[in-house]
Amino acid sequence: MKIFIAFCAILALGSAKRLFHNDQVLRLHPTEGQRDLLEKLYETFPAIDFWTGLRENRPVDIHVPRAFLGPVKVFLNRHRINNEIFIEDLQKNIDQERSPRPEQMNLASFDYNVYHSFDEIEQWIEDIAGTYSIATKQTFGTSFEGRNLNAIKVQHLKYTTGGSKPAFVINCGVHSREWVSPSTCVYTVKYFVEAKAGSKEASILDEMDVYVVPVSNPDGYVYTWTDDRTWRKTRSDNGLDCIGVDPNSNWDANWSGLGASSSSCSDLFYGPSVMSEIEIVSQAGFVASIPNAQAYIDIHSYGQYWMFPYAYTYSVTEDDAFLRAIGAESVNAIKSVHGVSYESGAFSTVDYQGSGVSADYFYDKQGIKCSFAAELRDTGRYGFTLPEE
Ligand code: ZN
């Protein structure tokens, strides 16, 4: 722990952008019964950044800073944990994930095939709401550092009066380093606002209203652009050793249970109290205020999973057959467009057992039956540094 704190202190003193030259991402192939060893690895080397959950019988990807590569490899080999180098030089990946370009601060120059900064996305939200009558900007709070928490409501004009249609909430950018997530929400809005009357896309809005939150953890997202590309958490200062809380461990859904961490320096830190994060409370209130919210999806990366409750237990929900059917149709639909395979199933069995997860919260506490969490591309070759193209 001391080494890690010293490491953080050096970073803080320098206040320069964190660089990852010759850091590696290793893929581990733990066998049944090696979970304890993974936990020992995690405790022995707090500087290791787990890019996937700790789990057996599935690959586990770890980002190892250059200084720790030697001892970590000794540990893995001594304990016979099969491993391979997945990313040889993390900084190279980061340098190659996006091309330099001028800032895009208007709709005419907005390129949907690139990653965008928070400022660009905020301006884009203004422009979309100002340009398309079916889109409305809704600000539902401010982040710890004072940035707007914004949603775009997309609603067919034909139905603005009368009863509420079912609402579908699409949430992105929870974990700030998962850049493909905000991009996906931004593209989803484009898909609806540019749909021609009478088209298949437009007809979706005959059935439902759609609420899209492109960047639900804005402070973390900005930090990944300015300081540390691998930052996952919020940026709240709770007076503890380390900054930030895992925004997908903080929800009132078996909070502080298995799969989340009590250590403020962990990427899985569940927070000083349940729903401690202003971003989480604001979002819970926002979704609760939406009339007739019936579907929710939380978009993450990576791993290519399409998941439903529960995360915190292996027990299935009473809607398991229904959710399983939707999951299967969803992954078939994805495959039919790009030929990319996703795996669908309950969060705890497909990915890892986790507590304080938003999909569980909305299912259990707000009665949103169609509650999902997705892990977008890829399966780890690039991980969080998925190139724009
Ligand atoms: Zn995530």
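Residues numbered from 1 in each chain as written. Predicted model: local features only at pLDDT ≥ 70, side-chain atom pairs only at ≥ 80, totals over all residues. Heavy atoms only, no water.

**Student:** I'd like to hear about the overall build of the chain, residue by residue, with values.
**Tutor:** For the chain, the count of helices and strands is 12 helices and 12 strands. For the chain, the C-alpha radius of gyration of 21 Å lies close to 21 Å, the compact-globule estimate for 389 residues. C-alpha extents for the chain along the principal axes are approximately 65 × 50 × 45 Å. In the chain, 72% of the contacts between residues at least 6 apart in sequence involve partners at least 24 apart. In the structure as shown, the chain presents an accessible area of about 16900 Å², 52% of it carried by carbon and sulfur atoms. With 34 positive and 50 negative side-chain charges, the chain shows a spacing of 4 Å between the two charge centroids. (Helix = DSSP H or I, 4+ residues; strand = E, 2+ residues; numbered from the N terminus. Rg over C-alpha atoms; globule rule 2.2 N^0.38 Å. Contact = heavy atoms within 4.5 Å. Areas by Shrake-Rupley, 256 points an atom, 1.4 Å probe, with all protein chains shown as cover. Lys, Arg positive; Asp, Glu negative; His and termini not counted. Charge placed at Lys NZ, Arg CZ, Asp CG, Glu CD.)

**Student:** Hey, could you go over the coordination of the zinc ion for me, with residue numbers and the actual values?
**Tutor:** Every protein donor of the zinc ion is listed here as His-175 (ND1), Glu-178 (OE), Glu-178 (OE) and His-300 (ND1), and their distances to the metal cover 2.0 to 2.4 Å. In this structure, the zinc ion is coordinated by four donor atoms arranged in irregular fashion, with angles at the metal of 57 to 151°. What makes His-175 buried here is its relative accessible area of 3%. Taking relative accessible area as the criterion, His-300 reaches 3% and is therefore assigned buried. (Donors = N, O, S within 2.8 Å, 3.2 Å for Na, K, Ca; no water. Tetrahedral: all angles 85-135°; square planar, octahedral: opposite > 155°, others 65-115°. Buried < 20%, exposed > 50% of the residue type's maximum accessible area, 1.4 Å probe, protein only.)

**Student:** Describe the pattern of salt bridges, listing the residues and the values that go with them.
**Tutor:** On inspection of all chains with the given rule, the structure shows 18 salt bridges. Between Asp-228 and Arg-18 there is a salt bridge, with the nearest N and O atoms lying 3.1 Å from each other. Of this pair, Asp-228 sits in the loop between helix 8 (218-226) and helix 9 (278-289) while Arg-18 sits in the loop between helix 1 (2-14) and strand 1 (24-29); the two residues are 210 residues apart in sequence, bridging distant segments of the chain. Take Arg-18: its relative accessible area is 15%, and that puts it in the buried class. Measuring nitrogen to oxygen at the nearest pair gives 2.8 Å for the salt bridge that ties Arg-147 to Asp-219. In this pair, Arg-147 sits in the loop between strand 5 (135-142) and strand 6 (148-154) while Asp-219 sits in helix 8, placing the two residues 72 residues apart along the sequence. (Salt bridge = Lys/Arg side-chain N within 4 Å of Asp/Glu carboxyl O.)

**Student:** Which residues make up the packing of aromatic side chains, and what values go with them?
**Tutor:** Under the defined criterion, the tally for this structure stands at 28 aromatic pairs. Centroid distance Tyr-112 to Tyr-187: 6.3 Å. Interplanar angle 85°. Geometry classified as edge-to-face. Taken together, the residues span a long stretch of sequence, with Tyr-112 in the loop between helix 4 (90-97) and helix 5 (118-131) and Tyr-187 in helix 6 (residues 180-193) at a distance of 75 residues. On the basis of relative accessibility, which here comes to 41%, the residue Tyr-187 falls in the partly exposed class. Ring centres of Trp-251 and Phe-362 lie 5.2 Å apart, and the angle between their planes is 55°; this geometry places the pair in the tilted category. One end of the pair, Trp-251, is in the loop between helix 8 and helix 9; the other, Phe-362, is in helix 12 (residues 358-364), and 111 residues separate them in sequence. A relative accessible area of 2% places Trp-251 in the buried class. (Phe/Tyr/Trp six-rings, centres within 6.5 Å; stacked < 30°, edge-to-face > 60°.)

**Student:** Give me the lowdown on helix 8, citing residues and values where you can.
**Tutor:** Burial analysis of helix 8 places seven of its nine residues in the buried class, the great majority of the element. Of all the positions in helix 8, only Pro-218, Asp-219, Gly-220, Tyr-221, Val-222, Thr-224 and Trp-225 are classed as buried. Contacts made by the buried residues of helix 8 are with helix 5, strand 6, helix 6 and helix 9.

**Student:** Residue-level account of the packing of helix 2 (residues 35-44) against helix 3 (residues 69-78), with values.
**Tutor:** Taken N-terminus to C-terminus, the directions of helix 2 and helix 3 make an angle of 160°; their axes are 11 Å apart at the nearest point. Regarding the angle of helix 2 to helix 3, the classification is roughly antiparallel. Viewed along their axes, helix 2 and helix 3 form a crossing whose handedness is right-handed. On helix 3, the residues touching Leu-37, Lys-40, Leu-41 and Thr-44 of helix 2 are Val-72, Phe-75 and Leu-76. Its residues assigned to classes, the contact of helix 2 with helix 3 shows five nonpolar, one polar and one charged. (Axes fitted to C-alpha atoms, helices over the stretch in contact; angles between N-to-C directions. Parallel < 35°, antiparallel > 145°, perpendicular 65-115°, else oblique. Left-handed = near helix turned anticlockwise from the far one by under 90°. Nonpolar A, V, L, I, M, F, W, Y, C, P; charged D, E, K, R; others polar.)

**Student:** Please set out the packing of helix 5 against helix 6 residue by residue, giving values where relevant.
**Tutor:** As a packed pair, helix 5 and helix 6 sit with axes 12 Å apart at the nearest point and diverge in direction by 15°. When the interaxial angle is binned, helix 5 and helix 6 end up roughly parallel. Here helix 5 and helix 6 pass one another in a crossing that is left-handed. For the pair formed by helix 5 and helix 6, the contact residues are Ile-121, Trp-124 and Ile-128 on the first element and Pro-182, Val-186, Val-189 and Val-193 on the second.

**Student:** Go over the state of the cysteines, please, and point to the residues and values.
**Tutor:** In protein chemistry, a disulfide is the covalent bond that joins the sulfur atoms of two cysteines. In the structure shown here, the tally under the stated rule is two disulfides. In this model Cys-172 forms its disulfide with Cys-185; the gap between the sulfur atoms is 2.2 Å. In this structure the cystine formed by Cys-172 and Cys-185 twists about its S-S bond by roughly 80°; its chirality is therefore right-handed. Of this pair, Cys-172 sits in the loop between strand 7 (167-171) and helix 6 while Cys-185 sits in helix 6, and the two are 13 residues apart along the sequence. Each member of the pair, Cys-172 together with Cys-185, is buried. With a sulfur-sulfur separation of 2.0 Å, Cys-242 is cross-linked through a disulfide to Cys-265. Of note, the bridge from Cys-242 to Cys-265 carries an S-S torsion of about 80° and is right-handed in sense. Within this pair, whereas Cys-242 is found in the loop between helix 8 and helix 9, its partner Cys-265 is found in the loop between helix 8 and helix 9, the two being separated by 23 residues in sequence. (Disulfide = S-S within 2.5 Å.)

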